[in-house]
Structure formats: structure tokens, C-alpha cells
Amino acid sequence: MGKTNPGNFFEDFAPGQQIVHATPRTLTEGDAALYTALYGSRFAVQSSASFAMAIGYPEAPLDDLLVFHVVFGKTVPDISLNAVANLGYARGRMGVPVYPGDTLRALSRVIGVKENSNGKTGVVYVNSVGLNQNDEVVVDFIRWVMVQKRDPAHPAPEPEIPDLPDRVAPEDLYLPEGLDPRGYDPELAGSAHFWEDYAVGERIDHGDGMTIEEAEHMMATRLWQNTAKVHFNQYEQAKGRFGRRLVYGGHVISLARALSFNGLGNAFRVAAINAGSHCNPTFAGDTIHAWSEVLERADLPADEGFGALRLRTIATKDRSCADFPYRDEQGHIRPEVVLDLDYWVVMPKAEGK
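Residues numbered from 1 in each chain as written. Predicted model: local features only at pLDDT ≥ 70, side-chain atom pairs only at ≥ 80, totals over all residues. Heavy atoms only, no water.

Asker: Lay out the overall build of the protein in plain terms, naming residues and giving numbers.
Answerer: Summing up its helical and strand segments, the protein has 10 helices and 12 strands in all. The C-alpha extent of the protein, read off along each of the three principal axes, is 65 × 50 × 40 Å. Looking at the 353 residues of the protein, the share that counts as buried comes to 55%. (Helix = DSSP H or I, 4+ residues; strand = E, 2+ residues; numbered from the N terminus. Buried < 20%, exposed > 50% of the residue type's maximum accessible area, 1.4 Å probe, protein only.)

Asker: Lay out the nonpolar core in plain terms, naming residues and giving numbers.
Answerer: Counting 57 residues, the largest nonpolar core has Tyr 39, Phe 68, Leu 104, Val 138, Trp 224, Leu 309 and Leu 339 as its most contacted members. Take this core: its biggest share by element is 8 residues, from helix H4 (residues 64-79). If we ignore the near neighbours within four places in the chain, the residues touching Leu 309 are Trp 195, Tyr 198, Val 294, Glu 296, Arg 297, Tyr 343, Trp 344, Val 345 and Met 347. Ala 44, Val 168, Phe 268 and Ala 272 belong to the second-largest nonpolar core, a separate cluster that totals 24 residues. (Core = buried A, V, L, I, M, F, W, Y, C linked by side-chain atoms within 4.5 Å. Contact = heavy atoms within 4.5 Å.)

Asker: Hey, could you go over helix H1 (residues 29-39) for me, with residue numbers and the actual values?
Answerer: Turning to H1, its buried residues number three or more, namely Asp 31, Tyr 35, Leu 38 and Tyr 39. Down the axis of H1, the smallest arc covering the buried residues is 75°, so these residues share one side. Residues of H1 that are exposed and point over 90 degrees away from its buried face: Glu 29 and Ala 37. Of the surrounding secondary structure, the elements contacted by the buried residues of H1 are strand S2 (25-26), H4, strand S8 (210-211), helix H6 (214-223) and helix H9 (249-259). Its side-chain oxygen 3.0 Å from the backbone nitrogen of Gly 30, Thr 28 forms the N-cap of H1. (Arc of directions from axis to C-beta. Polar contact = N/O pair within 3.5 Å; in protein donor to acceptor, adjacent residues only side chain to side chain.)

Asker: Talk me through the packing of H1 against H4; I want residue IDs and the actual numbers.
Answerer: When two helices pack together, their arrangement is given by the angle between the helix axes and the distance between those axes. One way to put it is that H1 packs onto H4 with a least axis distance of 11 Å and a crossing angle of 105°. Relative to H4, the element H1 is oriented roughly perpendicular. Between H1 and H4, the contacting residues are Asp 31, Ala 32 and Tyr 35 on the first element and Leu 65, Leu 66 and His 69 on the second. Residues of the contact of H1 with H4, tallied by class, amount to 4 nonpolar, 1 polar and 1 charged. (Axes fitted to C-alpha atoms, helices over the stretch in contact; angles between N-to-C directions. Parallel < 35°, antiparallel > 145°, perpendicular 65-115°, else oblique. Nonpolar A, V, L, I, M, F, W, Y, C, P; charged D, E, K, R; others polar.)

Asker: Explain the packing of aromatic side chains residue by residue, including any values.
Answerer: All chains considered together, the criterion is met by 14 aromatic pairs. An angle of 55° between the planes, with centres 4.8 Å apart, marks the rings of Tyr 35 and Tyr 39 as tilted. Of this pair, Tyr 35 and Tyr 39 both sit in helix H1, 4 residues apart, roughly one helical turn. Of the two residues examined, Tyr 35 and Tyr 39, each falls in the buried class. Ring geometry for Trp 291 against Phe 324: centres 5.3 Å apart, planes inclined by 65°, an arrangement best described as edge-to-face. Linking Trp 291 in strand S10 (residues 287-299) with Phe 324 in the loop between strand S11 (306-317) and strand S12 (337-348), this pair joins segments that are 33 residues apart in sequence. Residue Phe 324 is classed as partly exposed on the basis of its relative accessible area, which comes to 25%. Feature note: the residues Phe 68, Phe 72, Tyr 89, Phe 141 and Tyr 248 constitute an aromatic cluster, connected by ring pairs. Taking the ring centre of Trp 195 as reference, the NZ or CZ of Arg 297 above it sits at 4.2 Å. (Phe/Tyr/Trp six-rings, centres within 6.5 Å; stacked < 30°, edge-to-face > 60°. Lys NZ or Arg CZ within 6 Å of the ring centre and 35° of its normal.)

Asker: Explain the pattern of salt bridges to me, and be specific about the residues and the numbers.
Answerer: Applying the stated rule across the entire model yields 17 salt bridges. Residue Glu 236 is joined to Lys 239 by a salt bridge in which the shortest nitrogen-to-oxygen separation is 3.6 Å. Under the relative-accessibility criterion, Glu 236 is labelled partly exposed at 39%. For Lys 239, a relative accessible area of 55% puts it in the exposed group. Note that Asp 340 and Arg 312 form a salt bridge whose closest N and O atoms lie 2.7 Å from each other. With a gap of 28 residues between them, Asp 340 in strand S12 and Arg 312 in strand S11 connect regions that are remote in the sequence. Among the residues examined, Asp 340 registers a relative accessible area of 11% and is labelled buried. What makes Arg 312 partly exposed here is its relative accessible area of 25%. Linked through salt bridges whose partners overlap, the residues forming this network are Arg 167, Glu 296, Arg 310 and Asp 342. (Salt bridge = Lys/Arg side-chain N within 4 Å of Asp/Glu carboxyl O.)

Asker: Any details on the state of the cysteines? Residues and values, ideally.
Answerer: Enumeration according to the criterion identifies 0 disulfides in this entry. Of all cysteine sulfurs, the one in Cys 321 lies closest to Cys 279, which takes part in no disulfide; the gap is 12 Å. Residue classification places Cys 321 among the buried residues on the basis of a relative accessible area of 1%. (Disulfide = S-S within 2.5 Å.)

Asker: So what about the pairing of S12? Which residues, and what values?
Answerer: Burial of S12 is extensive: 12 of the 12 residues sit out of reach of the surface. Sheet topology places strand S9 (residues 269-277) next to S12; 7 bridges connect them, and they run antiparallel. Bridge pairing in S12 places Ala 272 opposite Trp 344. The pairing of S11 with S12 spans 11 bridges and is classified as antiparallel. From the neighbouring strand, Ala 308 faces S12, where its bridge partner is Val 346. (Pairing = 2+ DSSP bridges.)

In C-alpha cells, the structure reads:
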């Protein structure tokens, strides 16, 4: 019996299957520094301990997407080591804040499977949960991934596709206890625009662009301990469909989030990921731009002077977003669109100041 892990193939998954993922990870201030180095995120709560403490945090929390990436990375060796592509996300909820010194681990449950018509691949749906050292949930999300079959002749399983919500309900969003908007300084935060200043249907071109370097996306993927083959092995990927390594989709999500600071500087917390898809592949050398649309505004259940905005952020490669690109005249997603992300953010209200 071999001692190495070849990863799970499509026929290894069954609905109800429970998976405990290896390698708990203790996060440090070094992780926060590397996250800033990779993406340039400027949100004040995650950048400044004194700013975070002024609104009720005990110290600066780690970036919500950093937490997502770490937990996602834990799942890769068991879920998507043999993936063709990560297809989408749903019902992703951020839980308690994570601070330097916290240790995260991950669990997953298979909630659906469906073989593709080509008989060579299938789609696996999983619900993954990240926990801290106190068994508190830090993130809980669903994703679905296209996985290769080990044996194309293996009989197809009975398809089981989960019923996925189109969004996380506002009453299910988690706001850390004890936050007080009266200590929120918009001048230090870099934006004078509060929750009330955004209207449903409003579109924001985030203006800036950021080019992905080969070393950066490789470093980021290693930082998350994401072992997916398509991101690492140029020797093998040179023989594949694209002839080169793919950039981890989460890398693009974090770039788009960092770019969104220009226009959404007070959106200090990602509270949920409602849905998301990586529309086209991204490679080193591509320059990422982004724009956002406000889909919904909502009060939070324990309204302490904060509100939630539901955003749709579209990221493009090698195209600016001044004209808000998405679909062409025939209704097809444009080839330069690489990300379509629907998510909730938390912002202070002007009336709570």
C-alpha cells in the first residue's frame, strides 16, 4: 500500500461523507504582513490595532479573506487536489474574528455529486467549516468543484444536487460583540462615505489596476497551503489546456477586495459570500481591475450603528472598468471578466457616529 496521497477522485465522494482535514494552522502577525504585501489591502480595522480598539475590537483582527483562504487551503488535499476547476461558492458566512495566535482547522461534509456527461469528470458539492482553538466557527461555506474521475468506466452515481440559497439572509450575518461606531474615525479610515451614502443600483468603478506577478500568486497559494496541482507544476501544466499554471481564484478575490477600497473604504468587514464564480482563467501577467454594484442595503439584527451592504464585485483582466464591463451584446460573459462575486460587507452608519 502506497504512503503518498494521490488525492480523491470523483468516485471517492458520496453525499453525507465527513472529512477531517489535516494540518491545523496557527496564524501570526507575519501572516497579516504577508497578506498586505501580496494584496495591498488598506482597510483601517485590519491595518491598525489602535483603530480597531477604538471601535471595540481587543486588537486588529486578521483579514476576513485571509481566514477564508487558510480554511479553503486545508480542504484542497482532500477535495480538489484532482480538480479541473473550482466552479463556485454559496452561503459563505464569516464567524468570530480571528487574531494573531489563533489556530484554525477545517472540516467538510459532502452534500452533493453529479457526474458530467463526458463521463470523465463530475461535480462535487461540499460544506466546509473552519474552527478556532475554542471550537468557534470562523467561516462556514459551500463550494462546488469539478473533479476528474480515476476510471471513466466507473458507474455514475445517482445525481444529488443541493438546494442552495441565493444569498445569506441579513439576520444571519454575524457582527462581533461590543463594537461601537462612535470611535470610528472616517478621516483615518480614508473615506467619508457611510452606509447611508450608498444606494441600491449604484455602480462604482474602483479605478485602480494591479498586475499579477508569477512569484506573487505562487507565494500566496503556498501561504494558504493550497496544494492544487494546476497552480504549481509548470512542467505538467505545459501539457494541458492552457499550457501554463492557473492563478488560484481566491487570489483574484483578494485583489478585487483590495481594489474596492477606492470607493468602499469604510466596508471594514466581509460578513458573507452569497455566491461567486470564476468566469474565465487568470494567469500571471494579467492586470486586474474591478467595479461593484450595490444590490441591497440591510440593517443588522443587533443594530449598534452598523449596516450591511450587499455588493456584486466584477473583476476583469487587462481591461479597465470605467464602462462596467460584464456581458456582451449576445448576453455572454466577456472573456476579460474573471470574477463575479456577490457578498455582504459591514459599514458604520453616519447616524451612529
